[in-house]
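Tertiary structure, described
Below are the chains, spelled out letter by letter.
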Amino acid sequence: MRSDLIKYKEELSLELENILSYWKNFTVDEVNGGFVGKIDNNNNIDYSAPKGSVLNARILWSFSAAYNLNADPGCLEMADRAFQYINDYFIDKEFGGVYWLLDAKGSPVDTKKQVYAIAFAIYAFSEYFSASKNPFAKEKAIKLYNDLIKHSYDIERGGISRPSTANGIL
C-alpha cells in the first residue's frame, strides 16, 4: 500500500513537471511581454491574440503554488513574470479592479470588472505572496478584496440578491 502511494506521488510529480515545463517553454510572450493569449494544437503562437485576466491569474497562481510545493527557482521566476504583467497591465490604476481582456500589447480591450476575474487575481496574488514574500502582492490582494466588497457587496441583502421575474414581482 505504501509503495503504491510513493509510486503515485512520483507519477503526479512527473506530470506536474511536464505541465509546468510546457507552460515555461511555450507560453512566455517574448514579443509583447507576459504570456501569449493563444497557441494552436501544433504549438504555433498567435502573438496578436488578446490576453485574458483569468488565464493570467491562473498562470500566476499555478507557478506560485508550484514554487510553494517544490521551491523550484524557475517556478518563482515565472510567477514573478506573471505578477509583474498582471500588476502593470490588468490592474485598473485609476478605478481599481481587474480588466477582463487586453489586446496582445497590453492595452485594455474589454474593461468590465468581473467578480470572477477579480477573485482569481486575489487568489493568485495571495499565493504569490506566500511564495515570494513580496509585500506589494499582499497589498494588491487586499486592495482588490476591498474594491470587490466596496463595489459588489449588496449591503441591503447581505450579499444575496433576489431572483428577478418577468414582471418584476417576486
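Since this is a predicted model, take the numbers as computed values, not measurements.

This part takes up the nonpolar core. Counting 34 residues, the largest nonpolar core has Leu 60, Phe 63, Val 98, Phe 125, Tyr 128 and Leu 144 as its most contacted members. Of all the secondary structure elements, the ones that give two or more residues to this core are α2 (53-70), α3 (73-90), α4 (115-132) and α5 (135-152). The dominant element in this core, judged by the number of residues it contributes, is α3, at 9 residues. Not counting chain neighbours up to four residues away, the residues in contact with Phe 63 comprise Leu 20, Trp 23, Lys 24, Cys 75, Met 78 and Ala 79.

Here the protein chain averages 92 in pLDDT, and 93% of its residues register 70 or above. Contacts of residues 162-170 to residues separated by more than four positions or lying in other chains number 4 contacts, the stretch itself having pLDDT below 50.

Right, let's talk about the packing of helix α1 (residues 2-26) against α3 for a bit. α3 packs onto α1 with a crossing angle of 50° between their chain directions and a minimal axis gap of 11 Å. Compared by their axis directions, α1 and α3 come out oblique. Between α1 and α3 lies a crossing whose hand is left-handed. Between α1, through Leu 20, Trp 23 and Lys 24, and α3, the contact on the second element is made entirely by Gly 74, Cys 75 and Met 78.

Cut-offs and rules
Residues numbered from 1 in each chain as written. Predicted model: local features only at pLDDT ≥ 70, side-chain atom pairs only at ≥ 80, totals over all residues. Heavy atoms only, no water. Core = buried A, V, L, I, M, F, W, Y, C linked by side-chain atoms within 4.5 Å. Buried < 20%, exposed > 50% of the residue type's maximum accessible area, 1.4 Å probe, protein only. Helix = DSSP H or I, 4+ residues; strand = E, 2+ residues; numbered from the N terminus. Contact = heavy atoms within 4.5 Å. pLDDT = per-residue confidence, 0-100. Axes fitted to C-alpha atoms, helices over the stretch in contact; angles between N-to-C directions. Parallel < 35°, antiparallel > 145°, perpendicular 65-115°, else oblique. Left-handed = near helix turned anticlockwise from the far one by under 90°.

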